[in-house]
Amino acid sequence: MPRQSTDAGQRAGAANGTKAGGGSGSGSDTSKAGQGFVVSPEQYKAAVSPVLAASEQIASLAASMTSYLPPMEAQIPWGKDESGKQFAEGENGYSLYSQNTLKTLQSLAKEIADIAGGLKQMASNYEDAEDGTVAAFSGMDDGQGQPTAPGAPPTAPTGPVHVPMTPGMTRPNGRH
């Protein structure tokens, strides 16, 4: 069931005091601040696959580099002389940068996969929130004083209501 439908646009428009699709403001337009927004869980869900694909590509790159670089570096292609050592060693040397690059690529793949999981969870959370709100409002008064679902607030009493007074309770004028 699509959430970003004409109905969703109309609900958002009603919250904004506009017609559905009315207005295309920028994020910096403060005249519309606090007037609501529209969320499309389907867009979050649609973004999951491309984000996971990017994560897999980065993981594949990291795996390729991990299998290639250490054997290549073990041959010390920069040489063992003074300039080779200066190139490879120390905090600005190639070896440290190479190790850090591999670690970063591996963690980046995991972080991007986590983002995809977050997008999926956000879509689910928005759907659950909307379903909960719809369920809560479906128990409201039908406009004719009759509840439309069990658990709706009771209507006002139609006859007199007896309120017992405790004998020790008095009003300011001394009466019960």
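Summary of the structure given here. (Residues numbered from 1 in each chain as written. Predicted model: local features only at pLDDT ≥ 70, side-chain atom pairs only at ≥ 80, totals over all residues. Heavy atoms only, no water.)

1. Considering helix 2 (residues 41-74)
With 34 residues, helix 2 should reach 50 Å at 1.5 Å per residue; the first-to-last C-alpha distance of 50 Å fits that figure. The largest bend in helix 2 amounts to roughly 25 degrees and is located at Val48, with the proline Pro50 lying one to four residues further along. For helix 2, the complete set of buried residues consists of Pro41, Val48, Ser55, Ile58, Ala62, Leu69 and Glu73. Looking at the packing, one finds that the buried side of helix 2 touches helix 4 (94-137). Trailing helix 2 by a residue or two, Ile76 shows a phi angle of about 50 degrees, which is positive. (Helix = DSSP H or I, 4+ residues; strand = E, 2+ residues; numbered from the N terminus. Expected span 1.5 Å × (residues − 1). Bend = angle between axes of the 7 residues up to and from the residue. Buried < 20%, exposed > 50% of the residue type's maximum accessible area, 1.4 Å probe, protein only. Contact = heavy atoms within 4.5 Å.)

2. Things to note about the packing of helix 2 against helix 4
Their axes nearest at 8 Å, the elements helix 2 and helix 4 cross at an angle of 165 degrees. If you check the angle between helix 2 and helix 4, you find them roughly antiparallel. For the crossing formed where helix 2 meets helix 4, the hand is left-handed. Of the residues assigned to the contact of helix 2 with helix 4, the class counts are 26 nonpolar, four polar and five charged. (Axes fitted to C-alpha atoms, helices over the stretch in contact; angles between N-to-C directions. Parallel < 35°, antiparallel > 145°, perpendicular 65-115°, else oblique. Left-handed = near helix turned anticlockwise from the far one by under 90°. Nonpolar A, V, L, I, M, F, W, Y, C, P; charged D, E, K, R; others polar.)

3. Here we look at the side chain of Glu73
Looking at where Glu73 falls in the secondary structure, it is placed in helix 2. At 12 Å, Lys103 is the nearest oppositely charged side chain to Glu73, a buried residue that forms no salt bridge. (Lys, Arg positive; Asp, Glu negative; His and termini not counted. Salt bridge = Lys/Arg side-chain N within 4 Å of Asp/Glu carboxyl O.)

4. Observations regarding unusual backbone geometry
The backbone of Ile76 shows a phi angle near 50 degrees, a positive value even though the residue is not glycine. Note on placement: Ile76 falls in the loop between helix 2 and helix 3 (82-88). For Ile76, a relative accessible area of 31% gives the class partly exposed.

That is the geometry; function is a separate question.
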